[in-house]
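Observations on chain architecture
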Amino acid sequence: MSKMTLKTEGDKHVVVTRRFAASPEAVYRAHTEPRLIQKWALGPEGWTMPVCINEARPGGKIRYEWTDGKGGGFHLTGEYLELVPFSRIVHVERMHLPDPTPDNHVETMFHPDGTGTLMTMRMTLPDAETRAAILATGMEHGMEASYVRLDAMI
């Protein structure tokens, strides 16, 4: 059973929550350090991330490239707007499938929760149609597969 919850708010928002059995510092680092991101943010089994550029500073660039090892793949680009170490990350991202999706503004919060961390990610998309298209990709399955790996890693 998935520990992740995904819900929609209004016409443009997606809110993902997930609890991790690790400190906010460890979960934050796993979201900002390229060598860690490449170990867990892989989506479904069998996918890899051969390119991981993550400049964790305001204005810093993000580029992740995934491949399924069978000729399929996609990439994400973006940039950081704000980082508050161990508690908050704000960035903009675009999926390239192969054409870029409209900007997705993402705020990720890391809150202490007992002996672990409650992560809350709030995505703001430009309109209901874009949100529906993003949700139709089944992204929650790849996200939870990645989060299971992250839990095991930290």
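Residues numbered from 1 in each chain as written. Predicted model: local features only at pLDDT ≥ 70, side-chain atom pairs only at ≥ 80, totals over all residues. Heavy atoms only, no water.

For the rest of this paragraph, the subject is the side chain of His 91. Summarising the element assignment, His 91 is placed in strand β6 (residues 88–96). Residue His 91 is classed as buried on the basis of its relative accessible area, which comes to 11%. Within the structure, the side chain of His 91 is placed 2.8 Å from the side chain of Glu 93, a separation counted as a polar contact. If near-sequence neighbours (up to four positions away) are discounted, His 91 is found in contact with Ile 62, Glu 79, Tyr 80, Leu 81, Asn 104, His 105 and Val 106. (Helix = DSSP H or I, 4+ residues; strand = E, 2+ residues; numbered from the N terminus. Buried < 20%, exposed > 50% of the residue type's maximum accessible area, 1.4 Å probe, protein only. Polar contact = N/O pair within 3.5 Å; in protein donor to acceptor, adjacent residues only side chain to side chain. Contact = heavy atoms within 4.5 Å.)

This part takes up the pairing of strand β7 (residues 104–113). Pairing of β6 with β7 involves six bridges; the strand directions are antiparallel. When the bridges of β7 are listed, His 91 appears paired with Val 106. Following β7, the chain reverses through two residues before pairing antiparallel with strand β8 (residues 116–124); Gly 114 in that reversal takes a positive phi of roughly 65 degrees. (Pairing = 2+ DSSP bridges.)

Turning next to the environment of Asn 54. Looking at the element boundaries, Asn 54 is found in strand β3 (residues 48–54). Residues Asn 54 and Val 92, 38 residues apart in the sequence, show an inter-C-alpha distance of 13 Å. Those residues within four positions of Asn 54 in sequence are excluded, and the remaining contacts are His 31, Thr 32, Pro 34, Ile 37, Lys 61, Tyr 64 and Tyr 80.

Before going further, it helps to spend a moment on the packing of aromatic side chains. Considering all chains together, one arrives at seven aromatic pairs under this definition. A ring pair is formed by Tyr 28 and Phe 110, whose centres lie 5.8 Å apart and whose planes are at 80 degrees; its orientation type is edge-to-face. Here Tyr 28, found in helix α1 (residues 24–32), pairs with Phe 110, found in strand β7; they are 82 residues apart in sequence, far enough to count as distant. An identical accessibility class is assigned to Tyr 28 and Phe 110; each is buried. One aromatic cluster is present, formed by Trp 47, Tyr 64, Trp 66 and Phe 74 through successive ring pairs. (Phe/Tyr/Trp six-rings, centres within 6.5 Å; stacked < 30°, edge-to-face > 60°.)

Further remarks concern the sheet that holds strand β2 (residues 13–20). Spatial ordering of the open sheet is given by β1-β2-β8-β7-β6-β5-β4-β3, a layout of eight strands whose pairing is antiparallel. Every interior strand has two partners, whereas the edge strands, β1 (5–9) and β3, have only one. Between one strand axis and the next, the sheet turns through 20 degrees on average, direction left out of account. Examined bridge by bridge, β3 and strand β4 (residues 61–67) share five bridges and lie antiparallel to one another. (Axes fitted to C-alpha atoms, helices over the stretch in contact; angles between N-to-C directions.)

Here we come to unusual backbone geometry. For Phe 86, which is not a glycine, the phi torsion comes out positive at approximately 70 degrees. Structurally, the position occupied by Phe 86 is in the loop between β5 (73–84) and β6. For Phe 86, a relative accessible area of 30% translates into the label partly exposed.

Let's shift gears to the nonpolar core. Among the nonpolar cores identified, the biggest contains 33 residues, and Val 16, Met 49, Tyr 64, Met 121, Met 123, Met 143 and Tyr 147 are the most heavily contacted of them. Sort the elements by how many residues they give to this core and helix α4 (residues 139–153) lands first, with four residues. Each residue touching Tyr 147, except ones within four places of it in the same chain, is listed here: Met 4, Val 16, Arg 18, Phe 20, His 31, Trp 40, Met 119 and Met 121. (Core = buried A, V, L, I, M, F, W, Y, C linked by side-chain atoms within 4.5 Å.)

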